[in-house]
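Here's the letter readout for the chains.
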Amino acid sequence: MLDTDIEGLDPVQASQYVLAFITTLKQTEKSLAAAHEDTTLWTRRVTLARSQGDQGLAAQAQARLSDATEKQSQLETELDELRRKVTVLKDKLTRLRMTGGRLVDADLLLAQLQMLVGKKDGLSDAMKREEANAALDELKKKTT
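Before going into details, it helps to say that this report is about the structure given with it. Owing to the predicted nature of the structure, the values given are computational and were not obtained by experimental measurement.

With respect to the overall build of the chain
Secondary structure assignment for the chain yields four helices and zero strands. Taken along the three principal axes of its C-alpha coordinates, the chain extends 110 × 40 × 15 Å. Burial statistics for the chain: of 144 residues in total, 19% are counted as buried. Only carbon and sulfur atoms are counted for the fraction: they give 57% of the accessible area of the chain, which is about 10900 Å².

Next comes the structure, spelled out in structure tokens:
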């Protein structure tokens, strides 16, 4: 099940699910702002250590800056993904509310039906036609 699949939920459950995603989105935005501040702080510290001529301290600060930059990049990627998901979820929630919770997923229904019934056996049908044709030919030979 995809995490943007809310078709099986009633409108109240779906609303709570979407709200949880929005909450995560807001928390990620705050974490990204903090990571941006951390990156800015370590950038200033690297500059300061280099201007003071302390290469050892500058190297340590550069390592911390690299970590902060990586964390910021990861959060940006996560935030982009969350924004896309929240947009999809909001659209689905709107449709779900409009239909009163009776949103039908045709692909899901087809998959469930195929699981219950099984796929059509084309070979068996073809063989039955051939057997019927052979029997018809035998009857034609007998009548002539």
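Structure shown, so let's carry the discussion forward.
Concerning the pattern of salt bridges
Taken as a whole and assessed by the stated rule, the structure comprises four salt bridges. Salt-bridge contacts for aspartate 3 lead to lysine 85; the nearest nitrogen and oxygen are separated by 2.6 Å. Here lysine 85 lies in helix 2 (residues 55-99) and aspartate 3 lies in the segment before helix 1 (11-51), a separation of 82 residues in the sequence. Residue classification places aspartate 3 among the partly exposed positions, given a relative accessible area of 30%. Between glutamate 29 and arginine 83 there is a salt bridge; the shortest N-O distance is 3.4 Å. Here glutamate 29, found in helix 1, pairs with arginine 83, found in helix 2; they are 54 residues apart in sequence, far enough to count as distant. On the basis of relative accessible area, glutamate 29 is assigned to the partly exposed category, the value being 27%. Classification of arginine 83 as partly exposed rests on a relative accessible area of 41%. Salt bridges sharing common partners tie together Asp3, Glu81 and Lys85.

Here's the deal with the environment of leucine 89
Mapped onto the elements of the fold, leucine 89 is located in helix 2. In the structure, leucine 89 is positioned 86 residues away from aspartate 3 in sequence and 9.1 Å away in space, judged by C-alpha atoms. In contact with leucine 89, not counting residues within four places along its chain, are Asp3, Thr4, Ile6, Tyr17, Val18 and Phe21.

Digging into the nonpolar core
Nonpolar side chains in soluble globular proteins tend to end up buried together. Of all hydrophobic cores here, the largest spans 14 residues; its most connected members are Ile6, Ala14, Val18, Phe21, Leu25, Leu89 and Leu93. For this core, the elements supplying multiple residues, two or more each, are helix 1 and helix 2. Top element by residues in this core is helix 2. It accounts for seven residues. In contact with alanine 14, not counting residues within four places along its chain, are Ile6, Leu9, Leu93 and Leu96.

Side note on the side chain of threonine 4
With respect to the helices and strands, threonine 4 occurs in the segment before helix 1. On the basis of relative accessible area, threonine 4 is assigned to the buried category, the value being 12%.

Some words on the packing of helix 1 against helix 2
Between helix 1 and helix 2, the shortest axis-to-axis distance is 7 Å and the interhelical angle comes to 160°. With respect to each other, helix 1 and helix 2 are oriented roughly antiparallel. Helix-helix and strand crossings are classified by hand; for helix 1 and helix 2 the assignment is left-handed. By residue class, the composition of the contact of helix 1 with helix 2 is 24 nonpolar, 10 polar and 11 charged.

Thoughts on the side chain of lysine 92
By secondary structure assignment, the location of lysine 92 is in helix 2. For lysine 92, a relative accessible area of 15% translates into the label buried. A distance of 2.9 Å separates a polar side-chain atom of lysine 92 from the backbone oxygen of threonine 4. In this structure lysine 92 touches Thr4, Asp5, Ile6 and Glu7, once residues within four positions along its chain are discounted.

Procedures and definitions
Residues numbered from 1 in each chain as written. Predicted model: local features only at pLDDT ≥ 70, side-chain atom pairs only at ≥ 80, totals over all residues. Heavy atoms only, no water. Helix = DSSP H or I, 4+ residues; strand = E, 2+ residues; numbered from the N terminus. Buried < 20%, exposed > 50% of the residue type's maximum accessible area, 1.4 Å probe, protein only. Areas by Shrake-Rupley, 256 points an atom, 1.4 Å probe, with all protein chains shown as cover. Salt bridge = Lys/Arg side-chain N within 4 Å of Asp/Glu carboxyl O. Contact = heavy atoms within 4.5 Å. Core = buried A, V, L, I, M, F, W, Y, C linked by side-chain atoms within 4.5 Å. Axes fitted to C-alpha atoms, helices over the stretch in contact; angles between N-to-C directions. Parallel < 35°, antiparallel > 145°, perpendicular 65-115°, else oblique. Left-handed = near helix turned anticlockwise from the far one by under 90°. Nonpolar A, V, L, I, M, F, W, Y, C, P; charged D, E, K, R; others polar. Polar contact = N/O pair within 3.5 Å; in protein donor to acceptor, adjacent residues only side chain to side chain.

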